[in-house]
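A closer look at the structure
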Amino acid sequence: MAVVDAQTQEFSLEQYLKKQKTIVEAALDQSVVIAEPVTIYEAMRYSLLAGGKRLRPILCLAACEMLGGTPEMAMNTACALEMIHTMSLIHDDLPAMDNDDLRRGKPTNHKVYGEDIAILAGDGLLSYAFEYVARTPNVPADRLLQVVIRLGQAVGAEGLVGGQVVDLQSEGKTDVSVETLNFIHTHKTGALLEVCVTSGAILAGAQPAEIAKLSKYAQNIGLAFQIVDDILDITATQEELGKTAGKDLDAQKVTYPSLWGLEKSRLEARKLVSEAIASLEIYGEGANPLKALAEYIVNRKN
Ligand code: GRG
């Protein structure tokens, strides 16, 4: 989708994000409809529709479009990715995990619905995400199967769950190495961001070499995203973040800034994003959204 600034005629990330966010919000609103038992659907919708940057669905749509696919081909997967991301936030905020009261500028799911329903709302979103991918209309079944396999790998013990376990096991330790920190974040944050990009490509019919190239782009932006997340935990306010600020410092967690300092962390994030952008040169103007999204990841304020 060509979104250009009226004056400069150049690609405008601001307009692109605004437009894509509106489209994604509308699709999410339609994806989970209230049914019986009402409470669980309300709890699922409460967190799913609570805002957020919608970066994951937007990455999926952008990758699909760059490789010649249509938004319709990727929309169910884009919504499913946001369902999975949202469920991971609901569970991460639970007292047994990070124990947080605020998310996306609102009380966390368990604060509103109680811990039991919050756990089940996460479970409901996770299960429905896979069903929703499988229900994608007009995309060959073999592509959907590939997406389902990659999603399962990214979310389970091989991905997000594994990263969260090592994160929990590292709590309270002061001697966490940069290798362990990289393991935590490539699994906890990077794996889902990677499948956002690769699933968009698969749905558009990309070949393995192209998927591998996009995996590398996504791994770079995934790590940069987490470095910036650690920086923002120190430098941004609660209002800017919509969640509790300074949590890592309070919990004395080992983070990239605690290992490298703020300046080196910023430089590393920038280096990763520059590599990611350079890897998309061969796609010409079609790569503008994915390149601009990489820039956004290092420059974001929340
Ligand atoms: C996935 C089965 C399953 C269980 C969950 C709790 C848990 C296991 C994992 C924790 C995953 C987690 C919360 C990782 C942090 C990822 C991260 C940096 C989130 C913030 O993402 P943003 O900034 O948030 O894109 P918005 O609100 O903008 O969407």
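Data block above holds the structure.
Description of the structure in this document. Quick caveat: nothing in here was measured; it's all calculated off a predicted structure. (Residues numbered from 1 in each chain as written. Predicted model: local features only at pLDDT ≥ 70, side-chain atom pairs only at ≥ 80, totals over all residues. Heavy atoms only, no water.)

Some remarks on the site of the ligand
Contacts to the ligand come from 20 residues, most closely from Lys-53, Arg-56, His-85, Arg-104 and Gln-164. In the environment of the ligand, an oxygen atom lies 2.6 Å from a nitrogen or oxygen atom belonging to the side chain of Lys-53. Surface burial for the ligand is 90%, taken as the share of its 760 Å² of free accessible area covered by protein chains. Those elements giving two or more residues to the shell around the ligand turn out to be helix 4 (71–92), helix 8 (160–170), helix 9 (178–203) and helix 10 (208–235). Looking at which element gives the most residues to the shell around the ligand, the answer is helix 4, with five residues. Its residues assigned to classes, the shell around the ligand comprises seven nonpolar, six polar and seven charged. (Near = heavy atom within 4 Å. Polar contact = N/O pair within 3.5 Å; in protein donor to acceptor, adjacent residues only side chain to side chain. Areas by Shrake-Rupley, 256 points an atom, 1.4 Å probe, with all protein chains shown as cover. Helix = DSSP H or I, 4+ residues; strand = E, 2+ residues; numbered from the N terminus. Nonpolar A, V, L, I, M, F, W, Y, C, P; charged D, E, K, R; others polar.)

Describing the packing of helix 1 (residues 13–31) against helix 15 (residues 288–299)
Viewed as axis vectors pointing N to C, helix 1 and helix 15 meet at an angle of 100°, and their least axial separation amounts to 10 Å. When the axis of helix 1 is compared with that of helix 15, the two are roughly perpendicular. Taking contact as the criterion, the partners of Leu-13, Tyr-16 and Leu-17 in helix 1 are, on helix 15, Pro-289, Ala-292, Leu-293 and Tyr-296. By residue class, the composition of the contact of helix 1 with helix 15 is seven nonpolar, no polar and no charged. (Axes fitted to C-alpha atoms, helices over the stretch in contact; angles between N-to-C directions. Parallel < 35°, antiparallel > 145°, perpendicular 65-115°, else oblique. Contact = heavy atoms within 4.5 Å.)

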